2 protein chains.
Amino acid sequence: MELIREARPHGREKLRANLIEWFHWLLREAELYDVRYPVKGAYVWRPYGMRLRRHVEELIRRSHDETGHQEVLFPVFIPYEFFGKESQHIRGFEKEVFWVSKGGEEGERLVLRPTSETAIMPMVKLWVHDYKDLPLRLYQIVSVFRAETKMTHPMIRLREISMFKEAHTVHVDREDAERQVREAVEIYKKIFDEMCLAYMINKRPDWDKFAGAEYTIAFDTVLPDGRTLQIGTVHYLGTNFTRVFEVTYLAADGTRRLAHTTSYGISERSIAAMLITHGDDAGTVLPPRLAPIQVVIVPIFYGEEEAASVISYAREVEKALREAGMRVHIDDRPDKTPGWKFYFWELKGVPLRVEVGKRDLEKRQVVITRRDTLEKYAVGLGELVDAVRGLMRTVEENLRRRAWEELRSRIVRAETVEAAKAAIREGKVVEVPWSGDNDCGIKLKDLVGADALGVPLDSDASVGGFDLRDLACGEKRAEFWLRLSERY
Amino acid sequence: MELIREARPHGREKLRANLIEWFHWLLREAELYDVRYPVKGAYVWRPYGMRLRRHVEELIRRSHDETGHQEVLFPVFIPYEFFGKESQHIRGFEKEVFWVSKGGEEGERLVLRPTSETAIMPMVKLWVHDYKDLPLRLYQIVSVFRAETKMTHPMIRLREISMFKEAHTVHVDREDAERQVREAVEIYKKIFDEMCLAYMINKRPDWDKFAGAEYTIAFDTVLPDGRTLQIGTVHYLGTNFTRVFEVTYLAADGTRRLAHTTSYGISERSIAAMLITHGDDAGTVLPPRLAPIQVVIVPIFYGEEEAASVISYAREVEKALREAGMRVHIDDRPDKTPGWKFYFWELKGVPLRVEVGKRDLEKRQVVITRRDTLEKYAVGLGELVDAVRGLMRTVEENLRRRAWEELRSRIVRAETVEAAKAAIREGKVVEVPWSGDNDCGIKLKDLVGADALGVPLDSDASVGGFDLRDLACGEKRAEFWLRLSERY
């Protein structure tokens, strides 16, 4: 394998200048997703996008199956009587819930699930008898519905979230439930790692936790324009739901106790984050393990006499890669030029391109181009499979490394409101000293004019040795760093 | 491999006596599906049922992917303005459609899709430009909603059909669309064959075709109580939808033409049919290729000293089967007896049971029991994998053969109304002479007091040489056999 062209990655100027516009362009041009469906906040997954999504769903299923989760499927309809049982939950969701009217039975009051705690609890009550039935770990991948009043964005802010993976777990006590919270965090780390996403892990402030939770831990990523995007949440629900749904179990000591529950969710937002994080002005780069097409082969020939032998050589290359278990596509469209094809597949994010021409055929080699850096290599046929395998790993590692570098470069600290404001203006996530008091936190984010992500769980959150005051409540000693950012 | 017990399959008396009651029992006891969800016609897939369903979904995806279909995902919400465009369609569906009320935007009139023709057409209009874009074959596996006023039945008659595979295809002309109709029939045959289902293929009478179709071809199976169940439909839609949605393409000759479309669907009903068709009074039998667990290993031992060596032998057997790619489960629960476990796994339909005891360990053999016949074999460890593989094939073939024998035995002909009535009373599908006239057909089914399945496409439908009169309209010469049955 010989390097024949140095790295010269595509720029990211357009992407950074107007991220949402760029994203619309990508979704349309790469034929991933159609934003023209005639209902606000509801979009169409096109075949190429769907193939990508299927790989992500497989990753999600695998990650949950391997860790003792069982897939289930609950109905979309939730009787209002159940939906309204938990007072915090209903207060948080009632404004954004869709109701079903005509078509229901007389007197039926049904909502479309915005999340399934209140659908699952009444069944869990029937399934759980004693401590041996616990822990119970269920998940489903479904559509949920939120009547967003804010501006909707494709794949990011939806009225139908169509790839909502929601896990719901039931435990004997707080300790076991919190162990599950930590395990969920590990599962999500693994999923996002495979998507080559970088993330912060933040404990949301109390005023922004999930409606019905004791606390919420969120995964936030930073997009190239400096705004953050929540890509996953994990909730410890305590006994809030089990109390109102009377989910109890017989403990080993013969007493009847309330179970503790958790829930955690991710959605197609993670796919949006992936497309954007690895995007550039030429399109996107898909992590090789998730790409619908991992290698595209472009035969290059002049005239009919070259065509036959080059295409037949391309098929030989294709066969070798396919037999090695790779997802390969050969683009032998006669009416498109090689340049057009390069552009087309770069747009779609295929991680590796293999060019084969007459000269390659003669030398029994191919030329491989990495989508992420545009580095080119000449590779002999004998080392083809190993080289492609190695390059796929390299691309994956590079995507992950770049994402983490970008994320780390975005996080700064500020000890004054002015400095915090300046950081936000520069597209940073800023950590500011905070007492931990709710009212001060709300005042603080408003002073800075940003959103609060919460207290970091992925680095030392404690202000510790520093002698700092809460930026909003100067009379209080700062205890934590509070992360602020502009959020999508 | 030595036969050590002859076939003595479980009876089917309870199953036949009250099929729906038996089905509820099976779903509950085998922990497949929970009917206690507090919304009419909406049920819960439990983990074991969901694992089965995932295998069926994989079969469906594979069958469609292999034949040039592309998976997509459209929103649940359809604007009423689109839903109402095709006059037959809206007439057929408007009474059973759910509306979304509160939560929608001001003035928004949304329905929950009962099927997606009217969601897909406006997008297809944007995607199809010229004849080179055709044929276009799309499918999705989604929830659809029907406000059933009839009695609902788990997995069979639902208000949320949660595994609706709907394919939608677009073609240059009638000929190509009808070629697709025939291909869809072949795809469904392959799917049902793998589910070991027997089926009739019937062209529905005009009064019972899909709302908006030119004609509908249906797959009907016969359940053990003699009533039929529709398990799949294929519709030729002509230009009914493309006309109102203005889906045109530029033909090779430069003219602009209306495209022709088809749609075809199957749902979790096919899983219900599978569970029931292969059911008996002890539970069900799952077709080996679809079973979540293909082989269950039950170690049998007396006392602690036997336990260790027998369980370790069982693990050796498990490892050999797992390495051969089989889905194996070892049931080593210490608090359950072997007899209890036999009952438990027969209920759940695991196709093969492997018993290993001290004597088997000494002889380096296992005892394999077929779930379908309860035949037992002694199998040496050296031939284990081949024997299991062979027995799985045999079970599959036997399930399919039994299903077809049962179905064929159910179809009879009658040349008088009285004979037809008697046949229906005996739980038969009866073929009666029919002129082909719509009014006569409706009169005929009412005279017999049965439902019309339509004209057979899987056998000679023509009355042909026989000199028979339409049973309802004696003045008309019979042209076809019309199939009648009691339908679910």
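Reading the values: rules and limits
- Residues numbered from 1 in each chain as written.
- Chains lettered and ligands numbered in written order.
- Predicted model: local features only at pLDDT ≥ 70, side-chain atom pairs only at ≥ 80, totals over all residues.
- Heavy atoms only, no water.
- UniProt positions renumbered as here; feature names shortened; annotations may be inferred.
- Salt bridge = Lys/Arg side-chain N within 4 Å of Asp/Glu carboxyl O.
- Helix = DSSP H or I, 4+ residues; strand = E, 2+ residues; numbered from the N terminus.
- Buried < 20%, exposed > 50% of the residue type's maximum accessible area, 1.4 Å probe, protein only.
- Least-squares fit on C-alpha atoms with pLDDT ≥ 70 in both.
- Contact = heavy atoms within 4.5 Å.
- Buried area = accessible area lost by both parts, 1.4 Å probe.
- Polar contact = N/O pair within 3.5 Å; in protein donor to acceptor, adjacent residues only side chain to side chain.
- Domains from an automatic or database assignment.
- Pairing = 2+ DSSP bridges.
- Axes fitted to C-alpha atoms, helices over the stretch in contact; angles between N-to-C directions.

As recorded in UniProt, chain A goes by Proline--tRNA ligase and comes from Pyrobaculum arsenaticum. In the Subcellular location part of its UniProt record, chain A is described as follows: "Cytoplasm". Recorded in UniProt under Sequence similarities, the annotation for chain A is "Belongs to the class-II aminoacyl-tRNA synthetase family. ProS type 3 subfamily."

Trainee: Explain the pattern of salt bridges here, please?
Mentor: In total, this model carries 97 salt bridges over all chains according to the counting rule given. When the shortest N-O distance is used, the salt bridge between D176(B) and R179(B) registers 2.9 Å. With D176(B) and R179(B) both in helix 7 (residues 174-194) and 3 residues apart, the pair spans about one turn of that helix. Residue class for R179(B) comes out partly exposed when judged on its relative accessible area of 28%. Where salt bridges share partners, they join R53(A), E57(A), R61(A), D65(A), E71(A) and R54(B) into one cluster.

Trainee: I tried to follow the relation of the copies chain A and chain B on my own but got confused; where do I start?
Mentor: Think of it as a corkscrew move, a rotation about one axis and a shift along it, taking one chain copy to the other. For the pair chain A and chain B, the best superposition has an RMSD of 0.0 Å and corresponds to a rotation of 180° with a translation of 0.0 Å parallel to the axis. The superposition of one copy onto the other is thereby described by a two-fold rotation axis. Rotation axis and chain A: the residue whose C-alpha lies nearest the axis is V100(A), separated from it by 2.3 Å. Comparing interface residues between copies, 100% of those in chain A also lie at the interface in chain B; the contact surface is shared.

Trainee: I tried to follow the interface of chain A and chain B on my own but got confused; where do I start?
Mentor: When the parts of a complex come together, some accessible area is lost, and that lost area is often used as the size of the interface. Across the contact, 52 residues belong to chain A and 52 residues belong to chain B. Taking both sides of the interface into account, the surface hidden between chain A and chain B amounts to around 4500 Å²; carbon and sulfur atoms contribute 63%. When the buried surface of chain A facing chain B is broken down by residue, Y37(A), L73(A) and F77(A) rank first, second and third, together holding 15% of it. Inspection of the region where chain A meets chain B yields 6 salt bridges. With its nearest N and O atoms 2.5 Å apart, the salt bridge here joins E71(B) to R54(A). There are 18 residue pairs in polar contact (both at pLDDT 80 or more) connecting chain A and chain B. Here the side of chain A that touches chain B gets 6 residues from one element, more than from any other, and that element is helix 3 (residues 47-65) of chain A.

Trainee: Which parts of the structure should I look at to understand the environment of S312(A)?
Mentor: All names here are of chain A. Within the element layout of this structure, S312 appears in helix 10 (residues 303-323). Exposure remark for S312: the relative accessible area of 45% places this residue in the partly exposed category. A sequence separation of 13 residues divides S312 from P299, and the C-alpha atoms of the two residues are 9.3 Å apart.

Trainee: Any chance you could explain the environment of V172(B) here in plain terms?
Mentor: All names here are of chain B. Its location among the elements puts V172 in the loop between strand 9 (160-171) and helix 7. Distance from V172 to E397, taken between C-alpha atoms, is 40 Å for residues 225 residues apart in sequence. Sequence-distant contacts of V172, defined by excluding residues within four places in its chain, comprise Y131, L134, Y249, L258 and H260.

Trainee: Please explain unusual backbone geometry as it appears in this structure.
Mentor: Among all residues except glycine, the phi angle is most often negative; among peptide bonds, the trans geometry is most common. Residue and element names in this part refer to chain A. Omega for the peptide link from L134 to P135 comes to -5°, which places this bond in the cis form. Residues other than glycine seldom take positive phi values, yet R364 does so here, at roughly 50°. Relative to the assigned elements, R364 resides in the loop between helix 12 (358-363) and strand 19 (365-370).

Trainee: Help me understand the domain arrangement of chain A in this model?
Mentor: All names here are of chain A. Domain annotation of chain A identifies domain 1 (13-277), domain 2 (293-392) and domain 3 (410-485). Between the C-alpha centres of domain 1 and domain 2 there is a distance of 40 Å. On the domain 2 side, the residues contacting the 8 residues of domain 1 number 6 residues. Buried area between domain 1 and domain 2, both sides added, is near 650 Å², and the carbon and sulfur share of it is 56%.

Trainee: Explanation requested: the sheet that holds strand 23 (residues 451-456) of chain A in the structure shown.
Mentor: Two strands in a sheet stick together by hydrogen bonds in their backbones, pointing the same way (parallel) or opposite ways (antiparallel). Residue and element names in this part refer to chain A. Within the open sheet, the 11 strands sit side by side as 4-8-9-15-12-11-10-23-24-22-21. Their pairing is mixed. The open sheet terminates on both sides in strands that have one partner only, identified here as strand 4 (70-71) and strand 21 (411-413). The strands touched by helix 9 (residues 269-277) within the sheet are strand 9 (160-171), strand 11 (215-222) and strand 12 (228-238), with strand 12 carrying the most contacts at an inclination of about 150°.

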